[in-house]
Amino acid sequence: MIEKGKCPICGKTNQCAITLGEEPSTCWCMTTKIPKNLLSNIPDEYRNISCVCRECVKNYDKRVCVVGSLNVDHILDVECFPRPGETIKAKSLNTFFGGKGGNQATACAKLGLSTSMLGTVGADSHGKRYIDHFKSIGVQTELINKSNISGQAFIQVDQNGENNIVTIGGANYDLSKKWIDDHLEEILEHDVFLFSLEIPPKVVIYLMEQLEKHHKLIILDPAPFANFNAKMLDFVDYITPNQTEYDSIKSLLSPNHHVIVKRGEKGSKYIHKEISINIPPYPVNVVDTVGAGDTFNAAFCFALIFNYTIEEALMTANIAGAIATTQSGAQTGMPTLRELLKIRFK
Ligand code: RIB
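As the structure is a computational prediction, the values presented were derived from the model and not from experiment. (Residues numbered from 1 in each chain as written. Predicted model: local features only at pLDDT ≥ 70, side-chain atom pairs only at ≥ 80, totals over all residues. Heavy atoms only, no water.)

> What should I look at first to understand the site of the ligand in this one?
With respect to spatial proximity, the complete set of residues near the ligand consists of N71, D73, G98, G99, K100, N103, A153, I165, E198, V290, G291 and D294. Within the side chain of D73, an N or O atom sits 2.5 Å from an oxygen atom of the ligand. G99 is positioned with one of its backbone polar atoms (N or O) 2.9 Å from an oxygen atom of the ligand. Compared with its free state, where it exposes 280 Å², the ligand has 96% of that area covered by protein. Going through the elements one at a time, β2 (71-77) and α4 (100-110) are the ones with two or more residues in the shell around the ligand. A per-class count over the shell around the ligand returns three nonpolar, five polar and four charged. (Near = heavy atom within 4 Å. Polar contact = N/O pair within 3.5 Å; in protein donor to acceptor, adjacent residues only side chain to side chain. Areas by Shrake-Rupley, 256 points an atom, 1.4 Å probe, with all protein chains shown as cover. Helix = DSSP H or I, 4+ residues; strand = E, 2+ residues; numbered from the N terminus. Nonpolar A, V, L, I, M, F, W, Y, C, P; charged D, E, K, R; others polar.)

> Looking at this structure, how should I read a nonpolar patch on the surface?
Together, F154, V166 and I168 give the surface a local cluster of nonpolar side chains, amounting to about 300 Å² of exposed area. For V166, the position within the fold is in strand β7 (residues 163-168). (Patch = residues over 30% accessible without salt bridge, like charges linked within 9 Å, V, L, I, M, F, W, Y side chains within 5 Å. Salt bridge = Lys/Arg side-chain N within 4 Å of Asp/Glu carboxyl O.)

> Which parts of the structure should I look at to understand the side chain of N318?
Here N318 shows up in helix α10 (residues 310-324). A relative accessible area of 8% places N318 in the buried class. Among the polar contacts made by the side chain of N318, one reaches the side chain of S268 at a distance of 2.8 Å. The contacts of N318, once residues within four sequence positions are left out, are G267, S268, I279, P280, P281, Y282 and F296. (Buried < 20%, exposed > 50% of the residue type's maximum accessible area, 1.4 Å probe, protein only. Contact = heavy atoms within 4.5 Å.)

> Just checking my understanding: could you explain the pairing of strand β9 (residues 217-220) for this structure?
Working note: regular strand, side chains alternate between the two faces of the sheet. Strand direction decides the pairing type here: strand β8 (residues 192-195) and β9, joined by four bridges, are parallel. Residue pairing across strands places F193 opposite I218, the latter belonging to β9. Handedness of the crossover joining β8 and β9 through helix α7 (residues 201-213): right-handed. Pairing geometry for β9 and strand β10 (residues 238-239), over two bridges, is parallel. By the bridge assignment for β10, L220 is matched with I239. (Pairing = 2+ DSSP bridges. Right-handed = clockwise from strand over helix to strand, strands pointing away.)

> I keep staring at the pattern of salt bridges and nothing clicks. Help me out?
For the structure on display, the rule yields eleven salt bridges. When the shortest N-O distance is used, the salt bridge between E86 and R83 registers 3.7 Å. On the accessibility criterion, E86 (34% relative accessible area) is partly exposed. The exposed category is assigned to R83, whose relative accessible area is 59%. With its nearest N and O atoms 3.1 Å apart, the salt bridge here joins K231 to D234. What makes K231 partly exposed here is its relative accessible area of 37%. Taking the relative accessible area as the measure of exposure, D234 reaches 47% and is therefore partly exposed.

> I tried to follow the sheet that holds β8 on my own but got confused; where do I start?
Hydrogen bonds along the backbone pair up the strands of a sheet, which may run parallel or antiparallel. The nine strands lie next to each other as β5-β4-β1-β8-β9-β10-β11-β12-β13, forming an open sheet whose pairing is mixed. Here the strands that pair on one side only, and so sit at the sheet edges, are β5 (144-146) and β13 (275-279). Across five bridges, the pairing between strand β12 (residues 268-272) and β13 is antiparallel. Following the sheet pairing, I271 is matched in β13 by S276. The strands that helix α9 (residues 292-305) touches are β1 (63-67), β8, β9, β10, β11 (258-262) and β12; relative to β11, the one it contacts most, it runs at about 145°. (Axes fitted to C-alpha atoms, helices over the stretch in contact; angles between N-to-C directions.)

Below, the structure written as structure tokens:
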């Protein structure tokens, strides 16, 4: 619940004179321009009781670069997954924008973050459509290369919303060190980097090396785990495996790593040194879990940018990931900042 005088973005006390009923003329918010996009995301009920704080206005300028894959998702809606050798009938087939990177970038943009995508689409009609889609939702596309044929994902979603996914990487695997070198200046204009691994692991490590030299914040979603390399752990600030990935990675982690385990219907867990914090899930009616983890990562990134405590960050990410499961398709159900804030401070 947002109380009088608390910022609707971070929930912390905000000394805004107007909302505290004091003389407004000298208040910082009369002299600082609060970005229109940020203001338009504030739920109406907070409008007259609270003001966005100065810190959040400053943090709103931070730029996120999502590094990862861009796929076309072909989603088959099935009653149950087929057993080996079995033929079954699907209830429907739909095509959506997907790929872990594309999903994370979309979720970041919907949460109002200034977001660029770094990856490769096919030099085909799918690739063109993906770039147009990004432009329409405000994802910056200057760091997207075009080559080859777009990556594709063949996905089955069962009646419980569970999924299994087979991808063919296509253009995603054409991301090269040369592309990184040629765009390094623009890349380094970003503050926070969100990685996933449906792209060449060597390029991920190469880029992380460059970013570390410039003290950039790095979040890694180690999925698919087949592309994970222990060297990546030298560079990451936060790593966000799901439970299965965590079980495979844990022997490689040091107590100094900040680990966020995405546990789906069990919520999420933060592990660092002797600290272990479980945050319960946000209950929803699940339709389709594709993209829930990607939305979780984006919301976690949002929470870091706005200096949430780790508990608040996980709670926020749990809510965002859960909302994303309430509609079919990875990106369709992702919450906007306004939707997230409405629930977050209810
Ligand atoms: O994380 C979900 C994504 O994984 C899907 O959109 C699919 O494209 C695969 O990359």
